[in-house]
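# Overview (structure and organization)
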Amino acid sequence: MPSFSYFPLLLFLPLLFSTFHADIAQDLVPETCRKLAENDPNLSYNFCLTSLQAVNRSQCADLRDLGLMSIKLTKSNVTNTRYYVKKLLKNTKWDPFMRACLNDCLELYSDAIPTLKQAMKDFKSKHYEDANIEVSSVIDAATTCEDGFKEREGAVSPLTKRNNDTFQLSAIVLAVISMLH
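Cut-offs and rules
- Residues numbered from 1 in each chain as written.
- Predicted model: local features only at pLDDT ≥ 70, side-chain atom pairs only at ≥ 80, totals over all residues.
- Heavy atoms only, no water.
- Disulfide = S-S within 2.5 Å.
- Helix = DSSP H or I, 4+ residues; strand = E, 2+ residues; numbered from the N terminus.
- Phe/Tyr/Trp six-rings, centres within 6.5 Å; stacked < 30°, edge-to-face > 60°.
- Buried < 20%, exposed > 50% of the residue type's maximum accessible area, 1.4 Å probe, protein only.
- Lys NZ or Arg CZ within 6 Å of the ring centre and 35° of its normal.
- Core = buried A, V, L, I, M, F, W, Y, C linked by side-chain atoms within 4.5 Å.
- Contact = heavy atoms within 4.5 Å.
- Expected span 1.5 Å × (residues − 1).
- Polar contact = N/O pair within 3.5 Å; in protein donor to acceptor, adjacent residues only side chain to side chain.
- Axes fitted to C-alpha atoms, helices over the stretch in contact; angles between N-to-C directions.
- Parallel < 35°, antiparallel > 145°, perpendicular 65-115°, else oblique.
- Left-handed = near helix turned anticlockwise from the far one by under 90°.
- Nonpolar A, V, L, I, M, F, W, Y, C, P; charged D, E, K, R; others polar.
- pLDDT = per-residue confidence, 0-100.
- Patch = residues over 30% accessible without salt bridge, like charges linked within 9 Å, V, L, I, M, F, W, Y side chains within 5 Å.
- Areas by Shrake-Rupley, 256 points an atom, 1.4 Å probe, with all protein chains shown as cover.
- Salt bridge = Lys/Arg side-chain N within 4 Å of Asp/Glu carboxyl O.
- Lys, Arg positive; Asp, Glu negative; His and termini not counted.
- Charge placed at Lys NZ, Arg CZ, Asp CG, Glu CD.

## Points about the state of the cysteines
Tallied over the entire structure, the rule returns 2 disulfides. Two residues, cysteine 33 and cysteine 48, share a disulfide whose sulfurs are 2.1 Å apart. A torsion of -75 degrees about the S-S bond marks the disulfide between cysteine 33 and cysteine 48 as left-handed. Highlighted residues: cysteine 33 in helix α1 (residues 7-39) and cysteine 48 in helix α2 (residues 45-53), separated in sequence by 15 residues.

## With respect to the packing of aromatic side chains
Under the defined criterion, the tally for this structure stands at 1 aromatic pair. Measuring from ring centre to ring centre gives 5.4 Å for phenylalanine 123 and tyrosine 128, while their planes differ by 70 degrees; the resulting arrangement is edge-to-face. An identical accessibility class is assigned to phenylalanine 123 and tyrosine 128; each is buried. Taking NZ or CZ as reference, arginine 162 lies 3.9 Å from the ring centre of tyrosine 84, over its face.

## Examining the nonpolar core
Ranked by size, the top nonpolar core spans 49 residues in total, and within it Leu36, Val78, Leu102, Phe123, Phe149, Leu159 and Ile172 carry the most contacts. Listing elements by their share of this core, those giving two or more residues are α1, α2, α3 (63-89), α4 (96-124), α5 (128-149) and α6 (160-180). Apart from the residues within four sequence positions on either side, valine 78 is in contact with Tyr109, Ala112, Ile113, Leu116, Val138 and Thr166.

## A word on α3
With 27 residues, α3 extends 39 Å between its outermost C-alpha atoms, agreeing within 8% with the 39 Å of an ideal straight helix rising 1.5 Å per residue. For α3, the N-terminal cap is aspartate 62; the gap from its side-chain oxygen to the backbone nitrogen of arginine 64 is 3.2 Å.

## Section: the packing of α5 against α6
Between α5 and α6, the shortest axis-to-axis distance is 9 Å and the interhelical angle comes to 160 degrees. Between α5 and α6, the angle is such that the two are roughly antiparallel. As α5 packs across α6, the resulting crossing turns out to be left-handed. Contacts between α5 and α6 pair Tyr128, Ala131, Asn132, Val135, Ser136, Val138, Ile139, Ala142, Thr143, Cys145 and Glu146 from the former with Thr160, Asn163, Thr166, Phe167, Ser170, Ala171, Val173, Leu174, Ile177 and Leu180 from the latter. In terms of residue class, the contact of α5 with α6 is built from 13 nonpolar, 7 polar and 1 charged.

## Focus on the confidence of the model for the protein chain
Summary statistics for the protein chain give a mean pLDDT of 87 and a share of 86% for residues scoring 70 or more. Confidence drops under a pLDDT of 50 for residues 1-25, and excluding neighbours within four residues, the segment shows 6 contacts in the predicted structure.

## Considering the environment of isoleucine 172
Secondary-structure assignment places isoleucine 172 in helix α6. Setting aside its immediate chain neighbours within four residues, isoleucine 172 contacts Leu36, Leu43, Phe47, Cys48 and Ser70.

## Points about a negative patch on the surface
A grouping of Asp104, Glu107, Asp111 and Glu151 is seen on the molecular surface, where their side chains present a negatively charged patch. Position of glutamate 151 among the secondary structure elements: in the loop between α5 and α6. For glutamate 151, a relative accessible area of 67% translates into the label exposed.

In structure tokens, the structure reads:
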């Protein structure tokens, strides 16, 4: 009877499974973004894909991990936008209407930071409905900020791209929550 050693097989199996897992995870980002974009006309597939792929660990992430990464991306965007608005307000050339709009945006984005911190806690503890409400309020903040500039004809928001990015990132979070819930 030939002798057969299982030892080489035991060394090979972890490699096989880790490669298989990496392949599945690698496909998760584009597949998730495709599903999100198909189900929400406000979501751009390319924006979703480039945002999530920018996070190093996204290649080996599951859906919950992608949700956490999305919240972190949103919080980073909101924090950077708040800083940017503060920088814009240092410019003394803004007329009173534009200055008022920027101050409103500063307040909205300032309030969004602790809201996203709470959303992260709620998401981690699987309180998805609470996280959904909190992230929805961040979408409202970005929309309200942008709409403020539209109250005067001819006014151009200096925050349109940032507001849109906040909206898109928040929409990704909400779509992932919906998939998990």
